[in-house]
Amino acid sequence: MSDLIQVDHDKPVRDKPHFADSELTEAQFIHLLGEDMVPIQQFFTYYQCAIMEIETKFKVLNAQFSLRGEKNPIEFIQSRIKSYGSIMRKVHKTGIPCRLDAIEDELDDIAGIRVVCSFREDIYRLADCFLQQDDITLIERKDYIEHPKPNGYRSLHLIVSVPIFLENEKRPVKAELQLRTLAMDFWASVEHKLRYKKDLPRKTLALLYRDLKDCAEESAAWDEKMQRIRNMLE
Ligand code: 0O2
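Note that the structure is a prediction, hence the values are computed from the model and not measured.

**Points about the site of the ligand**
Piece 1. Arg80, Lys149, Asn151, Glu191 and Arg195 are the nearest of the 17 residues found near the ligand.
Piece 2. Separating an oxygen atom of the ligand from a side-chain N or O atom of Lys82 is a distance of 3.3 Å.
Piece 3. The contact in question runs from an oxygen atom of the ligand to an N or O atom on the side chain of Lys149, over 2.7 Å.
Piece 4. For the ligand, whose free accessible area comes to 730 Å², the fraction covered by protein is 71%.
Piece 5. Only strand 6 (170-181) and helix 6 (182-195) provide two or more residues apiece to the shell around the ligand.

**Quick look at the side chain of Arg154**
Piece 1. With respect to the helices and strands, Arg154 occurs in the loop between strand 4 (137-143) and strand 5 (156-165).
Piece 2. By relative accessible area, Arg154 is classed as buried at 12%.
Piece 3. Among the polar contacts made by the side chain of Arg154, one reaches the side chain of Glu217 at a distance of 3.3 Å.
Piece 4. If near-sequence neighbours (up to four positions away) are discounted, Arg154 is found in contact with Tyr144, Ile145, Pro148, Arg180, Met184, Ala216, Glu217 and Ala220.

**Section: the confidence of the model for the protein**
Piece 1. For the protein, the average pLDDT comes to 88, and 90% of its residues sit at 70 or higher.
Piece 2. Confidence scores differ between elements of the protein, with strand 1 (residues 6-7) showing the lowest mean pLDDT of 36 and strand 4 the highest of 98.
Piece 3. When the criterion is pLDDT under 50, residues 1-16 qualifies, and its contacts beyond four places in sequence or with other chains add up to 28 contacts.

**Thoughts on the pattern of salt bridges**
Oppositely charged side chains may form a pair once their charged atoms are brought near each other.
Piece 1. According to the stated counting rule, one finds 13 salt bridges in the structure shown.
Piece 2. Of the charged contacts, one joins Lys82 and Asp109 as a salt bridge, the two residues approaching to 3.0 Å between their closest N and O atoms. With Lys82 in the loop between strand 2 (74-81) and helix 3 (84-94) and Asp109 in the loop between helix 4 (100-106) and strand 3 (111-117), this pair connects stretches of sequence that are 27 residues apart.
Piece 3. The salt bridge partner of Asp108 is Lys174, with a shortest N-O separation of 2.9 Å. Linking Asp108 in the loop between helix 4 and strand 3 with Lys174 in strand 6, this pair joins segments that are 66 residues apart in sequence.
Piece 4. A residue is classified by how much of its surface remains accessible, and Asp108, at 22% relative accessible area, is partly exposed.

**Looking at the packing of helix 1 (residues 26-33) against helix 2 (residues 37-67)**
Piece 1. Viewed as axis vectors pointing N to C, helix 1 and helix 2 meet at an angle of 110°, and their least axial separation amounts to 10 Å. Put simply, helix 1 runs roughly perpendicular to helix 2. Facing Glu26, Phe29, Ile30 and Leu33 of helix 1, the residues of helix 2 in contact are Met37, Ile40, Gln41 and Phe44.
Piece 2. Of the residues that constitute the contact of helix 1 with helix 2, the class distribution is six nonpolar, one polar and one charged.

Here is what the cut-offs are and how they apply
- Residues numbered from 1 in each chain as written.
- Predicted model: local features only at pLDDT ≥ 70, side-chain atom pairs only at ≥ 80, totals over all residues.
- Heavy atoms only, no water.
- Near = heavy atom within 4 Å.
- Polar contact = N/O pair within 3.5 Å; in protein donor to acceptor, adjacent residues only side chain to side chain.
- Areas by Shrake-Rupley, 256 points an atom, 1.4 Å probe, with all protein chains shown as cover.
- Helix = DSSP H or I, 4+ residues; strand = E, 2+ residues; numbered from the N terminus.
- Buried < 20%, exposed > 50% of the residue type's maximum accessible area, 1.4 Å probe, protein only.
- Contact = heavy atoms within 4.5 Å.
- pLDDT = per-residue confidence, 0-100.
- Salt bridge = Lys/Arg side-chain N within 4 Å of Asp/Glu carboxyl O.
- Axes fitted to C-alpha atoms, helices over the stretch in contact; angles between N-to-C directions.
- Parallel < 35°, antiparallel > 145°, perpendicular 65-115°, else oblique.
- Nonpolar A, V, L, I, M, F, W, Y, C, P; charged D, E, K, R; others polar.

As structure tokens, then:
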């Protein structure tokens, strides 16, 4: 396997799920839900297991592509469990009941996996191979590469269900997958930072968003050119 793959979760299997930065503590989250700690920890551990299953599937695909003499299509994989604060914001925004079962039913992105490739065609190839696997159920596909968001955001989003195998149970767990190129990822991370710059004057923000939109178009043209170059080299 290529050492180019930087998998955030490559460390030994954790005994506790990993959370993206959260401004809400576990104790506060438990209090808000009126639950005990054990079901809450179990709840998040299921998502952590789903992340491990999906990461492994992509690592296997990456290794298999390299066996065929092709360069590994995946540059890196990043995963995260949605933070307590982010879950609560979504619960309030969408008006779903503040209960674990409702959160499990309604939120599709508690487990998030991002697969970053060099080339646009690899995104679709990997997505197709992944979705052909008989234990994966596609719930929703949003192609923001073919149909970018008005601000220029591009990525292929897949909401899937994957079974995790527990001691006495096979349990389906939902996850959100984002597949994108390095250029799309670079753009999204800069745009994401801008979302937290609410203190800038409105006029400056408007200019920055216009520049970002231009960058999105330019980087999409870059992706296309790089794909053409690679096709010529193959
Ligand atoms: P985070 O912190 O990354 O988890 P919903 O998921 O229901 O709230 P929607 O619009 O149906 O909303 O989902 P969509 O469009 O599939 O987007 C979900 C995730 O995609 C976002 O998660 C972002 O990670 C990413 N995303 C979508 N649009 C943009 C965008 O314009 N810019 C950037 N940088 N990322 C985007 P969260 O929950 O917003 O954040």
